[in-house]
Structure formats: C-alpha cells, structure tokens
Amino acid sequence: MKYYVFKGSTPYCGTDFEEYVAFGDEVTEKELADYAEELTMSQVDNFEYMITGLFNENEYDDEDLERFRNDTFENTYWEEISEEEYEVLK
C-alpha cells in the first residue's frame, strides 16, 4: 500500500481541506491527479455559493467563477506519507 495526503483550499478563509487515502502499490500519477481533481471539484461545489450567493443574489460574471475554480485547483496538491502518519492522521 501507498499512503497519501491530499490538501487544498479555495481562496476563502476556512475552506481548507485535507484527506488521507490509501492506494494500492500500483497507483499511477494519473490516478492520483484524477482523485485530486474529484476532491477539488467537490470543494468548488461546496463553496461556489461564495461567488454566486446562496440564492444567486450576488452580482458576478463567469470570469469570477472561473478564477475561483482555477485558484482552487492551483491550491490543491498531494504528497506521499508513511503508513504510520496515515494511521495517526486519518
């Protein structure tokens, strides 16, 4: 097994996320990138209302939303950790 921590945040305070995941030894960089993308999209979905407003009452344009998404993707990364770290932190 290989163990990873995925970390990231949106541009807004308090929206950090951290997830600890175990993968088989044959995990590829593409699989890790795909998993990171799924986590990031989930985070974007959870906090998109900060741009659009809860009931779309905010004035925003598509560029604001695109910038929000790009900033969130730029702030997401992963790193391999030891099994001991995984067991303690998960």
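Heads up: these notes are all about the structure in this document. The model shown is predicted, which means the values in this text are computed figures rather than measured ones.

Criteria and cut-off values
Numbers given for residues are sequential positions, taken from 1 along each chain in its written order. Reporting in this predicted model follows two pLDDT cut-offs: at least 70 for local features of residues, and 80 or more for side-chain atom pairs to be given and counted; totals over whole chains, interfaces and linings ignore these cut-offs and use all residues. Only hydrogens and water are removed before side-chain values are computed, so all heavy atoms of the structure are retained for them. Within 6.5 Å between ring centres, the rings of Phe, Tyr and Trp (the latter by its six-membered ring) count as paired, and their orientation is classed by plane angle as stacked under 30 degrees, edge-to-face over 60, tilted in between. Each helix is a run of DSSP H or I of at least 4 residues and each strand a run of E of at least 2, with the numbering of both proceeding from the N terminus. Relative accessibility decides the category of a residue: with a 1.4 Å probe and only protein chains considered, values under 20% of the type maximum give buried, values over 50% give exposed, and everything between is partly exposed.

Looking now at the packing of aromatic side chains. Tallied over the full model, the rule gives eight aromatic pairs. Between Tyr4 and Phe23, the ring centres sit 5.9 Å apart and the planes meet at 70°, which makes this aromatic pair edge-to-face. Placement of the pair is Tyr4 in strand S1 (residues 2-8) and Phe23 in strand S2 (residues 17-23), with a sequence separation of 19 residues. A residue is classified by how much of its surface remains accessible, and Tyr4, at 6% relative accessible area, is buried. Classification of Phe23 as buried rests on a relative accessible area of 16%. A ring pair is formed by Phe23 and Tyr35, whose centres lie 5.6 Å apart and whose planes are at 90°; its orientation type is edge-to-face. Taken as a pair, Phe23 in strand S2 and Tyr35 in helix H1 (residues 29-47) lie far apart in primary sequence, 12 residues in all. By the ring-pair criterion, three or more aromatic residues cluster together here, those being Tyr4, Phe6, Phe23, Tyr35 and Trp78.

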